[in-house]
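# Inside the fold
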2 protein chains.
Amino acid sequence: MRQQLNRRSLLGAGVALGAGAATAAVATPAQARAAQAADAADVVVDTVVVGAGLAGLAAARKLVAGGKKVMVLEARDRVGGRVHDVSLANGGTMERGAQFTGPTQTRLQALAAELGVRTFTGYNTGDSVYYTADGTAIRYSGALPPMDDESYQALGQAMYQLDTLASTVPVDAPWTAAKAEELDAQTFHSWIEGNVSNDTARTILHLISNGALSAESRDISLLWVLFYIAVSGNETNPGNLTRLTSTLGGARDSRFVGGPYQIATKMAVQLGSRLVLKAPVRRIVQSGGRALVVADGLSVAASSVVVALPPTLAGRIAYSPALPATRDQLTQRFPLSSIAKAIAVYDKPFWRDAGLNGQVASLTGTTRSTFDNSPPDGSYGALLAFLDGDQARAVEERSDATVKQAVLDDLVHYFGAKAATPTEFVLGRWDAEEFSRGGAPGFTAPGVLTRFGTAIRRPAGVIHWAGAETATFWNGHMEGAVRSGEQAAADILKG
Amino acid sequence: MRQQLNRRSLLGAGVALGAGAATAAVATPAQARAAQAADAADVVVDTVVVGAGLAGLAAARKLVAGGKKVMVLEARDRVGGRVHDVSLANGGTMERGAQFTGPTQTRLQALAAELGVRTFTGYNTGDSVYYTADGTAIRYSGALPPMDDESYQALGQAMYQLDTLASTVPVDAPWTAAKAEELDAQTFHSWIEGNVSNDTARTILHLISNGALSAESRDISLLWVLFYIAVSGNETNPGNLTRLTSTLGGARDSRFVGGPYQIATKMAVQLGSRLVLKAPVRRIVQSGGRALVVADGLSVAASSVVVALPPTLAGRIAYSPALPATRDQLTQRFPLSSIAKAIAVYDKPFWRDAGLNGQVASLTGTTRSTFDNSPPDGSYGALLAFLDGDQARAVEERSDATVKQAVLDDLVHYFGAKAATPTEFVLGRWDAEEFSRGGAPGFTAPGVLTRFGTAIRRPAGVIHWAGAETATFWNGHMEGAVRSGEQAAADILKG
């Protein structure tokens, strides 16, 4: 049987980088194994990187630039992790996974520029629409749905309170915040219900949790929310809730021309045969200051390892010796959010003719958050529909066809009958993907950051931790992934 | 390397059942593999049981009785899981892991009786001592520390409220409770702080979380706490908080003469060569209504599987096809509690001479909860010291010697100078054990039961789920483990 499993892992281990990828000379496990041989391992390198998402790729790239011999082991038959674009029949490209970038995301944008991937500002002309709990449509322009003065002031006051609290949370050690104990003892839901008396403001704050964190306010520690606000900036621009939640000028300001998957595939091409696909890592054995990284069909020895996976997936690798209790318990308590993305493609962005910018926020429906996802030239139309938190969970066991129909029904409700007949339909169900098992961001429930947070980045022997969930700026975003990988590489390079 | 790993897993795969075990004719992986051969698998049986804790052993025993051909695969070199006793140099036996039983735990006690393991009521003669936050000792008799009338009434009122709310929570489907949404949106901490105005009552309620659930009130969903209260009974006796938290007449009423590990080892002996130790299961492949269970060094094919592990550990097995998203996300959100147990052994139970029953509840210290753990005849003395929740976490990275000294310092504070010099010292650090990674019980943070709870027991193809965390009575206790295993077996037997 073991032989059978080995054979299975080798089947089709070639390159499948998908949309936007140049032809990459990555190795199959067999080729990589043949390339070198050492006593116990099939291959010996300086550093093994586990996971070829943006974090792992950025780490590997920097390590190679620093003169290290590197091998990247990726479980999937493609790179990119939670970044993945698909090619459309109409010749375009759509983002199944992460897609947005915005101000202060300096490392991601520098990397993209270096690789020749440009950004563009998303479509923002026309009105947004807010759907109330009874399905009433309210058209509006600007960042917030129309509301009475009292509600507006209550919401502003709550956001100010959150920003003020967030400013007390150190981005690299949120557990040391002055009021960390109190802030980590409650859910965001409890804080909203206990501190905001205005109904409309409360509703918007719960929506922010769903939309910006892809998790419900009840799922998340208040301290995590404050941390997540604090990290939505960079070294020179402190994070704030407005930047985190905004489209124009915020985290959803811009997209990448041709999609962000190119950033991953272009790094993959540069890595060449250092990258091995279809090689899920199952075990990491440390001994004498070295590590043996055991993947299906391939074992690689190294003097350091970067595990560039979300903590919950990193926790599924078998470590020998077993990891310290604090680290292991952290991985038991750091789930990924629940998320699916649907994109309906049309001949034209017809909603623009009606003066709509494609942005909907709704209190009901399978999708409660939409965006105009058309290409920069508007040569065809695309509506992006998020299923965040409870909306993703509600359809976990439903078929793709059922989800598609539910999304299209919502889009018809939001944008009219023309939405019923897309020319193409893209569905990314991240919770169901074996090697993601949820979307960005990960998050922590009450009690986790204060008691287990110190283990997020602390190396375990020669193992360093990277991934968007370990980042100290734009945690949970592509920017955070890139930063975390570069940081892990820098730590290894400085020895 | 794969060969090397295989060899390593075979080394010393013999029997190491430890204290209280009869000599058991369990098989090594090599023997088991040699015993049978099938096309893809080393062995073919009707049902594979993953994990030889009480749940897995009880499941296997019932399946065998029902005529099934069974193989149990256990990762450790012993059975019992979180149940494990050690032999003392003085000839006695002490419980490193689970140890208590009490009224309404009918299945565990019936099983023990059938196996010839008797129970006895713990030592309860004399006073308990309550240590306040400034270290003042208050001696008292009865179940609760002395407090003013107002505090007593406030605590009684809060406990009544919790019991009343718990009575609305169905033990087999807590997510269907009338107010499930609201109850699952807050931590137990938030409920205490928002609903109990009396300081003393609040303090006791937070202590109850630490002592009865081994987790802090901030860690846990209120709905989980209510569920945990509701299940502290059986078919004819509804659960209640008093039974859950009491010593005399409650969950900590009694112990097993010679220790509960005998229950596990006696079942292991009955299973004989159906039980394979040192065979951690890494992968379960389902295909055509059958499963191949792949452990280190051994693959077993079967028509059904019982995974009798805590959800967080079950989530670390690689499943093919991947499990449904709801189930996988549940395993990301169902951590084990943090717990260590220390037992100091003395020539005599000297505290009894001072009129103390050995029970301390303290608001400070490394251990804040102690019990007289002497054998039924009092022929030597033993003090059990729990490190629950934050106390366990605070020492995760400290050496055993440091923890021992801290515990002994506390015991001297609580029981006087004689406590400084135990003849033996037993330490069970469950968070650090590779194949436990925490103690009982598991628990869920807000938002988990209502959104992912349906996946706790729902079979995934031919895989059934068991373990104390899946039980509908005495979840998290040995009783729950036995019940869950017997239930999974019954489900398989009825086809």
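Calculation notes
Residues numbered from 1 in each chain as written. Chains lettered and ligands numbered in written order. Predicted model: local features only at pLDDT ≥ 70, side-chain atom pairs only at ≥ 80, totals over all residues. Heavy atoms only, no water. UniProt positions renumbered as here; feature names shortened; annotations may be inferred. Helix = DSSP H or I, 4+ residues; strand = E, 2+ residues; numbered from the N terminus. Rg over C-alpha atoms; globule rule 2.2 N^0.38 Å. Buried < 20%, exposed > 50% of the residue type's maximum accessible area, 1.4 Å probe, protein only. Contact = heavy atoms within 4.5 Å. Areas by Shrake-Rupley, 256 points an atom, 1.4 Å probe, with all protein chains shown as cover. Lys, Arg positive; Asp, Glu negative; His and termini not counted. Charge placed at Lys NZ, Arg CZ, Asp CG, Glu CD. Phe/Tyr/Trp six-rings, centres within 6.5 Å; stacked < 30°, edge-to-face > 60°. Least-squares fit on C-alpha atoms with pLDDT ≥ 70 in both. Polar contact = N/O pair within 3.5 Å; in protein donor to acceptor, adjacent residues only side chain to side chain. Buried area = accessible area lost by both parts, 1.4 Å probe. Nonpolar A, V, L, I, M, F, W, Y, C, P; charged D, E, K, R; others polar. Expected span 1.5 Å × (residues − 1). Domains from an automatic or database assignment. Salt bridge = Lys/Arg side-chain N within 4 Å of Asp/Glu carboxyl O. Axes fitted to C-alpha atoms, helices over the stretch in contact; angles between N-to-C directions. Parallel < 35°, antiparallel > 145°, perpendicular 65-115°, else oblique. Left-handed = near helix turned anticlockwise from the far one by under 90°.

As recorded by an unreviewed UniProt entry, chain A carries the name Monoamine oxidase and is attributed to Streptomyces echinoruber. If you open the UniProt record of chain A and go to Cofactor (unreviewed entry), you find "FAD". Comment text from UniProt for chain A, heading Sequence similarities (unreviewed entry), reads "Belongs to the flavin monoamine oxidase family."

### Concerning the overall build of chain A
When its secondary structure is counted, chain A shows 17 helices and 23 strands. The C-alpha radius of gyration computed for chain A amounts to 22 Å, which stays within 12% of the reference 23 Å derived for 495 residues, consistent with globular compactness. For chain A, the spread of C-alpha atoms along the principal axes amounts to about 70 × 55 × 40 Å. Within the span of chain A, comprising 495 residues, buried residues form 64% of the whole. Residue pairs at least 24 apart in sequence account for 74% of intrachain contacts in chain A once pairs closer than 6 positions are excluded. Taken as a whole, chain A presents about 16800 Å² of accessible surface, with 50% of it coming from carbon and sulfur. A distance of 8 Å separates the average location of the 45 positive side-chain charges in chain A from that of its 45 negative side-chain charges.

### Concerning the packing of aromatic side chains
Scanning all chains against the criterion turns up 26 aromatic pairs over all chains. Ring geometry for Phe-188 of chain A versus Trp-191 of chain A: centroids 6.4 Å apart, planes at 15°, classification stacked. One end of the pair is Phe-188 of chain A and the other is Trp-191 of chain A, both in helix α7 (residues 188–195) and 3 residues apart, which spans about a single turn. In this structure Phe-188 of chain A comes out as buried when scored by relative accessible area, which is 2%. The class of Trp-191 of chain A is buried, set by a relative accessible area of 4%. Geometrically, the ring pair formed by Tyr-319 of chain B and Trp-465 of chain B is edge-to-face, given 6.0 Å between the ring centres and 70° between the ring planes. Taken together, the residues span a long stretch of sequence, with Tyr-319 of chain B in strand β15 (residues 318–320) and Trp-465 of chain B in strand β23 (residues 463–465) at a distance of 146 residues.

### What about the relation of the copies chain B and chain A?
Two copies of the chain are present, and they differ by a rotation about an axis and a shift along that axis. The two copies are related by a screw operation: chain B maps onto chain A through 180° of rotation and 0.0 Å of translation along the axis, at an RMSD of 0.0 Å. Taken together, the rotation and translation relating the two chain copies correspond to the operation of a two-fold axis. Considering only C-alpha atoms, the part of chain B nearest the rotation axis is Arg-316 of chain B, at 2.2 Å.

### Digging into the side chain of Ser-128 of chain A
Residues and elements named next belong to chain A. With respect to the helices, strands and loops of the structure, Ser-128 is situated in strand β7 (residues 127–131). For Ser-128, the side chain forms a polar contact with the side chain of Asn-357, separated by 3.0 Å. Apart from residues lying up to four places away in sequence, Ser-128 is in contact with Ile-138, Arg-139, Tyr-140, Gly-142, Asn-357 and Gln-359.

### As for the interface of chain B and chain A
Contacts between the two partners involve 59 residues from chain B, matched on the other side by 59 residues from chain A. Roughly 4700 Å² is buried in total at the junction of chain B and chain A, and carbon and sulfur atoms are behind 43% of that figure. At the boundary of chain B with chain A, the tally comes to 30 residue pairs in polar contact (both at pLDDT 80 or more). Looking at the side of chain B that touches chain A element by element, the count peaks at 6 residues for helix α13 (residues 325–332) of chain B. Considering only residue class, the side of chain B that touches chain A consists of 21 nonpolar, 17 polar and 21 charged.

### With respect to the UniProt feature "binding site: substrate" (unreviewed entry) in chain A
Feature annotation in UniProt assigns "binding site: substrate" (unreviewed entry) to the following positions: Phe-386 of chain A. Relative to the assigned elements, Phe-386 of chain A resides in strand β20 (residues 381–388).

### Some points on helix α8 (residues 199–213) of chain B
Residues and elements named next belong to chain B. Given a rise of 1.5 Å per residue, 15 residues ought to cover 21 Å, and the 21 Å separating the end C-alpha atoms of α8 matches this to within 8%. In terms of burial, α8 is largely enclosed, as 11 of its 15 residues are buried. Within the span of α8, buried status applies to Ala-201, Arg-202, Ile-204, Leu-205, His-206, Ile-208, Ser-209, Asn-210, Gly-211, Ala-212 and Leu-213. Where α8 begins, one side-chain oxygen reaches toward the backbone nitrogen of Thr-200, 3.0 Å away; that side chain belongs to Asn-198. Where α8 terminates, the next one or two residues include Ser-214, which has phi positive at roughly 55°.

### A closer look at unusual backbone geometry
Peptide bonds are, in most cases, trans, and in most cases residues other than glycine have a negative phi. Between Ser-320 of chain A and the following residue, Pro-321 of chain A, the backbone shows a cis peptide bond with an omega angle of -5°. You can see Pro-321 of chain A is positioned in the loop between β15 (318–320) and α13 (325–332). Positive phi values are uncommon outside glycine, yet Trp-474 of chain B reaches one of about 50°. Along the chain, the position of Trp-474 of chain B falls in the loop between β23 and α17 (478–493).

### With respect to the domain arrangement of chain A
One frequently used descriptor of interface size is the decrease in accessible area upon assembly of the parts. Residue and element names in this part refer to chain A. We note that the domain assignment places domain 1 (2–81 + 261–323 + 460–493), domain 2 (120–143 + 247–256 + 339–437) and domain 3 (148–245) within chain A. Each partner contributes to the interface: domain 1 provides 11 residues, whereas domain 2 provides 7 residues. Summing both partners gives a buried area of about 760 Å² for domain 1 against domain 2, and 64% of it is carried by carbon and sulfur. The tally of links from domain 1 across to domain 2 stands at 2 salt bridges. Arg-78 is paired through a salt bridge with Glu-433; the nearest N and O atoms lie 3.9 Å apart. Where domain 1 packs against domain 2, one counts 3 residue pairs in polar contact (both at pLDDT 80 or more). Of the residues that constitute the side of domain 1 that touches domain 2, the class distribution is 6 nonpolar, 2 polar and 3 charged.

### As for the packing of α7 of chain A against helix α8 (residues 199–213) of chain A
Residue and element names in this part refer to chain A. At their nearest, the axes of α7 and α8 sit 10 Å apart, and the two run at 165° to each other. Looking at the two axes, α7 sits roughly antiparallel to α8. Crossing geometry of α7 relative to α8 is assigned as right-handed. From α7, Phe-188, His-189, Ile-192 and Glu-193 reach across to α8, where they touch Arg-202, Leu-205, His-206 and Ser-209.

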